[in-house]
Amino acid sequence: DKYCYVFRSADEDRKIEYKAAVKIQSWFRGCRVRAYLRYLNRMVVFIQKWWRGYRSRRYFRKMVETAYFIMKMNFYNEMAVRIQKRWRGYYVRKYIHNYHALKKYLEAVSVNNEIVRNELQEYAEMKENEKKRKDLEQKEKEKKYQARKMHYLLSTEQIAGVYNSPFRKSPDPMELLLRKSKPLSHRWQQICPRPPTFSMPQALPPIGRQKPQGPFRDTAEVLQQRYKPVEPTLQVAASINSLLEKAREEMKWEEWRNRIHDNEFLPFSSYHKNEKYNPSIHRSGKYGQETYGVKHFREVQPKKWVADKDFQTVLPSIVLFEKFGKTYSRAGQIV
């Protein structure tokens, strides 16, 4: 029993010691590995920094060299352009350009330019004057056409025209134009123009042929009768506004005014107040003004009623009459 107890306790202690040894070894190895890894990380960071610095310094050096090269080439190009400009200016001024010839050419150009400008100015003035003349002719033509169109407004011996006002010292220019112009012809006259008039102050010589047999009139007499001027009658030629006609018109209107009644109306007079009233045969009541108010407005006489009950209205009552004597003003008084 003692042997078994010792063996069992040794076995249990051995397991505990084994676990403790494993834990100590793992902790020690972990410390070693972490220290080594930290060292490696530091080395890696150092190498990366060095490489990046080297690459950046190299790239920066290349950039500086490139910028310096570009700047140097730009400077050389600018200097070359200056040299070429100076040389070309010197060459043109010495061998190609002639100052006096150019001065004469510019003077000739300025003189020619002045001539052309004067010609253009004269041409523009001529065109403007021509346009104004055409406008004036057009306006004059329109005025003449209006005058011919409104020829019926011309003054006559009996009636003055619209443009011949009596308040003017001299007639209107339109009146003078109307006197000079002729009226427009009708449309049928424009479509069918009048036949030509034959003025034959002397008879034509006889034709050496035999006159046709029959009761024929002479040709000149027939044409003269056909195209003789119009002779208006006395009724047409006389004026409708003669003094006799005006007097007749005044008498007619005077008779028409005075034939209604002969008694003149006299305002603001007491002539009509003294007249007596003649009563009508259809009314037996005494003539006089009836009082109008509450007493006689819809007067009710119960003695003449046939029945004791009121009349029944078929139609609805008027609202305005129902409010009579029932409405009040702001002061509380009956209206």
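All figures in this text were calculated on a predicted structure; none of them were measured in a lab.

A. Inspection of the overall build of the protein chain at higher detail. When you go through the protein chain residue by residue, the secondary structure sums to 8 helices and 0 strands. For the protein chain, the sequential pattern of α-helices and β-strands runs α-α-α-α-α-α-α-α. Out of the 335 residues in the protein chain, the part that is buried amounts to 5%. Of all intrachain contacts in the protein chain linking residues separated by at least 6 positions in sequence, the fraction that spans at least 24 positions is 47%. On the protein chain, roughly 35,200 Å² of surface is accessible, and the fraction owed to carbon and sulfur atoms is 58%.

B. View of the pattern of salt bridges. For the structure shown, the criterion picks out 8 salt bridges. Across the pair E78 and R82 runs a salt bridge, and its minimum N-O distance is 3.4 Å. Remark: R82 and E78 occur in helix α1 (residues 2–96); sequence separation between them is 4 residues, near one turn of the helix. With a relative accessible area of 46%, R82 lands in the partly exposed category.

C. Expanded view of a positive patch on the surface. A cluster of basic residues, R57, R58, R61 and K62, forms a positive patch at the surface. In this structure, R58 sits in helix α1.

D. Spatial organisation of the packing of helix α2 (residues 99–149) against helix α3 (residues 173–180). Taken N-terminus to C-terminus, the directions of α2 and α3 make an angle of 75 degrees; their axes are 9 Å apart at the nearest point. Taken together, α2 and α3 sit at an angle that is classed as roughly perpendicular. Of the residues in α3, those in contact with K143, K144, Q146 and A147 of α2 are M174, L177 and L178. For the contact of α2 with α3, the residue count by class is 4 nonpolar, 1 polar and 2 charged.

E. The packing of aromatic side chains, seen in detail. One pass over the structure, following the stated rule, counts 7 aromatic pairs. Ring centres of W51 and Y54 lie 5.9 Å apart, and the angle between their planes is 35 degrees; this geometry places the pair in the tilted category. You can see W51 and its partner Y54 sitting in helix α1, 3 residues apart, about one turn around the helix. We classify W51 as partly exposed; its relative accessible area is 43%. For Y54, a relative accessible area of 36% gives the class partly exposed. Relative to Y91, the ring of W87 lies with its centre 6.0 Å away and its plane at 35 degrees, an arrangement referred to as tilted. Taken as a pair, W87 and Y91 lie in helix α1 at a separation of 4 residues, close to a single helical turn.

F. The arrangement of the nonpolar core in detail. Ranked by size, the top nonpolar core spans 6 residues in total: A147, M150, L153, M174, L177 and L178. Considering every element that reaches this core, the biggest residue donor is α3, with 3 residues. Apart from the residues within four sequence positions on either side, A147 is in contact with M174, L177, L178 and S181.

Calculation rules
Residues numbered from 1 in each chain as written. Predicted model: local features only at pLDDT ≥ 70, side-chain atom pairs only at ≥ 80, totals over all residues. Heavy atoms only, no water. Helix = DSSP H or I, 4+ residues; strand = E, 2+ residues; numbered from the N terminus. Buried < 20%, exposed > 50% of the residue type's maximum accessible area, 1.4 Å probe, protein only. Contact = heavy atoms within 4.5 Å. Areas by Shrake-Rupley, 256 points an atom, 1.4 Å probe, with all protein chains shown as cover. Salt bridge = Lys/Arg side-chain N within 4 Å of Asp/Glu carboxyl O. Patch = residues over 30% accessible without salt bridge, like charges linked within 9 Å, V, L, I, M, F, W, Y side chains within 5 Å. Lys, Arg positive; Asp, Glu negative; His and termini not counted. Charge placed at Lys NZ, Arg CZ, Asp CG, Glu CD. Axes fitted to C-alpha atoms, helices over the stretch in contact; angles between N-to-C directions. Parallel < 35°, antiparallel > 145°, perpendicular 65-115°, else oblique. Nonpolar A, V, L, I, M, F, W, Y, C, P; charged D, E, K, R; others polar. Phe/Tyr/Trp six-rings, centres within 6.5 Å; stacked < 30°, edge-to-face > 60°. Core = buried A, V, L, I, M, F, W, Y, C linked by side-chain atoms within 4.5 Å.

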